[in-house]
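Now for the letters of each chain:
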Amino acid sequence: MSLSGEPLDAARRQKLYDTREGAAGGDGTPAGGGCGCQ
Amino acid sequence: MRERGTISILRTALAVVLAAISSDAFADGQGARPRSDEEILGRPGRALHVESVDTRVTAFEQHGYGYQSQAGPLLGPGSEYLTVLEPQMEVVATQGDRLRHRLYVPLDIVTAASPDAVDKHRDKVDAISSASRQNYAGTLDWTATYKLDAATDASMRAGLHLEEPFRSWHGGLSASHAFADGATVLSGTLLQVYDWFDHFDILGFRSGRTARSTSTGSVALTQILTPTTMVNLSYGLTVQRGMLGNTWNVVPLESGKLGPELLPTTRVRHALVGRAAQFLPWNGALKVYYRAYVDDWGIVGHSAEVTLTQRLAPIVYLSALYRFHRQTGADFFTTLAPLTWDLRTADSDLARLDSQTIGGKVVFDVPLDGEIRLLHVDFGYERYFRTNDLTMNMLTWATGYRF
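A brief structural summary. (Residues numbered from 1 in each chain as written. Chains lettered and ligands numbered in written order. Predicted model: local features only at pLDDT ≥ 70, side-chain atom pairs only at ≥ 80, totals over all residues. Heavy atoms only, no water.)

Let's shift gears to the overall build of chain B. Counting its regular elements, chain B contains three helices and 20 strands. Counting across all 403 residues of chain B, residues that qualify as buried make up 40%. Taking as baseline every contact in chain B between residues at least 6 positions apart, the subset at least 24 positions apart corresponds to 56%. For chain B, the computed accessible surface area is about 21500 Å², with 63% contributed by carbon and sulfur atoms. (Helix = DSSP H or I, 4+ residues; strand = E, 2+ residues; numbered from the N terminus. Buried < 20%, exposed > 50% of the residue type's maximum accessible area, 1.4 Å probe, protein only. Contact = heavy atoms within 4.5 Å. Areas by Shrake-Rupley, 256 points an atom, 1.4 Å probe, with all protein chains shown as cover.)

Shown next as structure tokens:
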């Protein structure tokens with residue numbers, strides 16, 4: 001049983017929140033680094 | 001004479017070939033050790049076995065207005081209209097019994113109003129080069145996980161991100177160890193990201209390159225409580241240094257003009273996350289998620305998410321999602337900044353806001369005979385909306401193969 005769901009679905013959703021919310025990131029992924037595309 | 005000599009050479013060559021063939025035939029016929037798969041294919045530890053290939057395409061359409069955008073009246077707010085087409089691919093392969101590879105490749109094709117509006121100050125040229133109209137971005141992300149023993153894994157991750165005005169590299173290490181026959185798993189991750197990108201002023205003039213680094217460390221504990229219940233708790237610390245904005249966001253000033261964002265050059269961010277998953281007796285599953293966030297820019301956030309999954313038939317299930325997020329704004333957020341402020345931003349993403357996401361998807365997992373064990377197909381829709389004038393519609397669809 002996966003806690004975070006299907007990886008690609010979780011990744012695209014996480015990317016949305018990381019780029020649209022100042023209080024995003026840190027869930028085992030960098031907050032605000034990397035892609036600046038959205 | 002010359003003809004006889006040629007015939008003689010041909011006869012000799014034929015005899016050698018026949019002798020070689022009959023020697024092999026004799027050897028096989030006498031039961032010599034047949035060549036193994038290992039001899040034919042090489043050492044088994046080197047052979048890649050593809051376990052799964054997944055692809056997903058997501059289309060985003062965003063509408064809204066924010067004071068950081070110049071796509072509107074002088075003192076804003078300007079349009080935040082944006083579309084993104086995002087294909088993703090993931091390939092998982094094993095190499096022997098201990099080594100597992102994951103290759104993840106997301107691409108983004110972005111059309112955005114906000115950077116395009118920066119161009120209106122310049123004749124003929126394109127401020128963010130052609131990226132101001134449409135930006136193509138892609139990432140290569142490779143993680144190799146080595147099983148040290150039955151309970152311990154170690155992983156290395158490396159990757160790069162490319163888009164027209166932006167380069168980024170990342171690398172990381174992680175490890176996990178299972179206790180109590182796998183009922184408890186403790187893991188830790190270190191990840192370093194380095195971004196290197198063009199610096200533009202708010203009129204679209206490029207003034208060279210700038211950079212930022214992002215360092216993240218996290219620890220997580222996963223516990224199986226019962227055969228149908230699992231929980232996870234994680235903490236992540238992220239430290240960022242360098243240029244922490246996109247360089248061309250604007251801030252309306254009390255003088256009636258626009259000024260650039262002025263951001264701190266460091267940011268320390270903490271996130272505490274709890275997750276739980278529970279199988280339900282009617283062929284369903286419930287997942288809950290909560291995250292508390294705080295950083296030294298003055299932002300405090302709380303996010304909660306519930307996902308409910310219900311199997312309708314052996315190959316079909318439905319999934320529904322709801323998420324609520326609340327955050328305070330950065331200490332220096334404003335929509336009209338006094339000239340005396342040393343720090344200022346009008347970025348709507350850094351404002352006080354509530355956001356909600358609702359969505360669902362239908363999933364087909366079809367078992368197959370043959371080389372493909374399982375075919376996965378899903379279609380989903382989500383709507384994201386905020387209290388500070390931003391909405392987004394998302395369509396997503398995926399295919400996957402298990403071998």
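Attention now moves to the nonpolar core. In this structure, Leu16, Tyr17 and Ala24 of chain A together with Phe60, Leu82, Val84, Val110, Ala112, Tyr384, Leu390, Met392 and Met394 of chain B together form the largest nonpolar core, which totals 12 residues. If you list the elements that add at least two residues to this core, you get α1 (7–20) of chain A together with β3 (82–95), β4 (99–112) and β20 (390–402) of chain B. In this structure, Leu244, Tyr293, Ala330 and Phe332 of chain B belong to the second largest nonpolar core, which totals 10 residues. (Core = buried A, V, L, I, M, F, W, Y, C linked by side-chain atoms within 4.5 Å.)

A word on the layout of surface pockets. Regions of empty space are outlined by a rolling probe, equal in size to a water molecule, passed over the atoms. Residue and element names in this part refer to chain B. Of the voids in this model, the second largest pocket is the one considered here, and its volume is about 160 Å³. Together, 16 residues line the second largest pocket, and His199, Met243, Thr247, Glu261 and Leu262 are the ones closest to its centre. For the lining of the second largest pocket, the class distribution of residues is eight nonpolar, six polar and two charged. (1 Å grid on protein atoms, 1.4 Å probe; cavity = no way out; pocket = protein on both sides within 12 Å on 5 of 7 lines; lining within 4 Å. Points joined across faces, edges and corners; volume = space filled by probe spheres on them. Nonpolar A, V, L, I, M, F, W, Y, C, P; charged D, E, K, R; others polar.)

Take a nonpolar patch on the surface next. Residues and elements named next belong to chain B. Taken together, the side chains of Leu85, Phe379, Tyr381, Leu395 and Trp397 present a nonpolar region at the surface, about 490 Å² in accessible area. Those elements that provide at least two residues to the nonpolar patch are β19 (374–386) and β20. Structurally, Phe379 is set in strand β19. (Patch = residues over 30% accessible without salt bridge, like charges linked within 9 Å, V, L, I, M, F, W, Y side chains within 5 Å. Salt bridge = Lys/Arg side-chain N within 4 Å of Asp/Glu carboxyl O.)

Residues and elements named next belong to chain B. Judged from the 13 bridges that link them, strand β11 (residues 229–242) and strand β14 (residues 266–280) form a sheet pairing that is antiparallel. Looking at β14, one finds that Thr238 is bridged to Arg269. Note that β14 and strand β15 (residues 284–295) share 12 bridges and pair antiparallel. Residue pairing in the sheet places His270 in a bridge with Val294 of β15. (Pairing = 2+ DSSP bridges.)

Time to look at the interface of chain B and chain A. Across the contact, 70 residues belong to chain B and 35 residues belong to chain A. When residues of chain B are sorted by the area they lose upon contact with chain A, Arg275, Lys287 and Asp349 of chain B head the list and together hold 12% of the total. For Glu6 of chain A, the salt bridge goes to Arg56 of chain B, with nearest N and O atoms at 2.7 Å. For the interface between chain B and chain A, the tally reads 20 residue pairs in polar contact (both at pLDDT 80 or more). (Buried area = accessible area lost by both parts, 1.4 Å probe. Polar contact = N/O pair within 3.5 Å; in protein donor to acceptor, adjacent residues only side chain to side chain.)

All names here are of chain B. In this fold, Gln356 is placed in strand β18 (residues 353–367). Residue classification places Gln356 among the partly exposed residues on the basis of a relative accessible area of 25%. As for Gln356 and His325, which are separated by 31 residues in sequence, their C-alpha atoms are 6.3 Å apart. Sequence-distant contacts of Gln356, that is, excluding residues within four places in its chain, are made with Tyr322, Arg323, Phe324, Arg383, Tyr384 and Phe385. Within polar-contact distance, the side chain of Gln356 engages the side chain of Tyr322 at 2.6 Å.

Across the junction of Gly76 of chain B and Pro77 of chain B, the peptide omega takes the value 0°, indicating a cis bond. Tracing the backbone shows Pro77 of chain B in the loop between β1 (48–66) and β2 (78–79).

So, about α1 of chain A. Residues and elements named next belong to chain A. The end-to-end C-alpha distance of α1 is 20 Å, a good match for the 20 Å that 14 residues give at a rise of 1.5 Å each. Of all the residues in α1, the buried ones are Leu8, Asp9, Arg12, Arg13, Lys15, Leu16, Tyr17, Thr19 and Arg20. The residue sitting at the N-terminus of α1 and contributing the capping side-chain oxygen is Glu6; that oxygen lies 3.1 Å from the backbone nitrogen of Leu8. (Expected span 1.5 Å × (residues − 1).)

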